Amino acid sequence: MFLDEVSAVRAGTSVMSDRLTEILFIQALRAVVAADAPDQASLPGWLGALNDPCISRALLLMHQQAGRPWTVSALGAHVGMGRASFAPRCAAGSGRAVRACC
């Protein structure tokens, strides 16, 4: 389907090939995740962190407001956690010290 779309000259080819590329990437990522951790509970690194609702919200905030000088306390507060509980949870999920993220 992808090769048919990119080799044809039709209206919408660019948009279709962009979307198909996104779908292929997502499918490839799903396959890697499924092979590494079928139960989704023990995903490595950032994939594990994204599996945690609080940590994934914090990562989204950091990306949406990249220019903001985030602190561990501020991130924790924005996701409804205190610094003392947020920092170790982030470190455990991502495999990195939380300060390395901020």
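Above this note sits the structure.
Residues numbered from 1 in each chain as written. Predicted model: local features only at pLDDT ≥ 70, side-chain atom pairs only at ≥ 80, totals over all residues. Heavy atoms only, no water.

> Can you break down helix 4 (residues 53-64) residue by residue, with the values?
With 12 residues, helix 4 should cover 16 Å at 1.5 Å per step; its first-to-last C-alpha distance of 16 Å lies within 8% of that length. Among all positions of helix 4, only Cys-54, Ile-55, Ala-58, Leu-59, Leu-61 and Met-62 are buried. All buried residues of helix 4 fall inside an arc of 160° around its axis, so they share one side. Among the exposed residues of helix 4, those oriented more than 90 degrees off its buried face are Pro-53, His-63 and Gln-64. You can read the cap of helix 4 off the contacts: a side-chain oxygen lies 2.9 Å from the backbone nitrogen of Cys-54, and it is on Asp-52. (Helix = DSSP H or I, 4+ residues; strand = E, 2+ residues; numbered from the N terminus. Expected span 1.5 Å × (residues − 1). Buried < 20%, exposed > 50% of the residue type's maximum accessible area, 1.4 Å probe, protein only. Arc of directions from axis to C-beta. Polar contact = N/O pair within 3.5 Å; in protein donor to acceptor, adjacent residues only side chain to side chain.)

> Kindly report on the environment of Leu-50, identifying the contributing residues and their values.
Note that Leu-50 resides in helix 3 (residues 45-50). Separated by 10 residues in the primary sequence, Leu-50 and Leu-60 place their C-alpha atoms 9.5 Å from one another. The residues contacting Leu-50, other than those within four sequence positions of it, are Ser-56 and Leu-59. (Contact = heavy atoms within 4.5 Å.)

> Break down the side chain of Asp-52 for me, with residues and values.
Considering the arrangement of structural elements, one finds Asp-52 in the loop between helix 3 and helix 4. Polar contacts involving the side chain of Asp-52 include one to the main-chain amide nitrogen of Cys-54, which spans 2.9 Å. At 3.2 Å, the side chain of Asp-52 forms a polar contact with the backbone nitrogen of Ile-55.

> Account for the pattern of salt bridges, with residues named and values stated.
Note on pairing: side chains with opposite charge can pair once their charged atoms come close. Counted by the stated rule, this structure contains 2 salt bridges. When the shortest N-O distance is used, the salt bridge between Asp-52 and Arg-89 registers 2.7 Å. Of this pair, Asp-52 sits in the loop between helix 3 and helix 4 while Arg-89 is found in helix 6 (residues 83-94), placing the two residues 37 residues apart along the sequence. What makes Asp-52 buried here is its relative accessible area of 17%. (Salt bridge = Lys/Arg side-chain N within 4 Å of Asp/Glu carboxyl O.)

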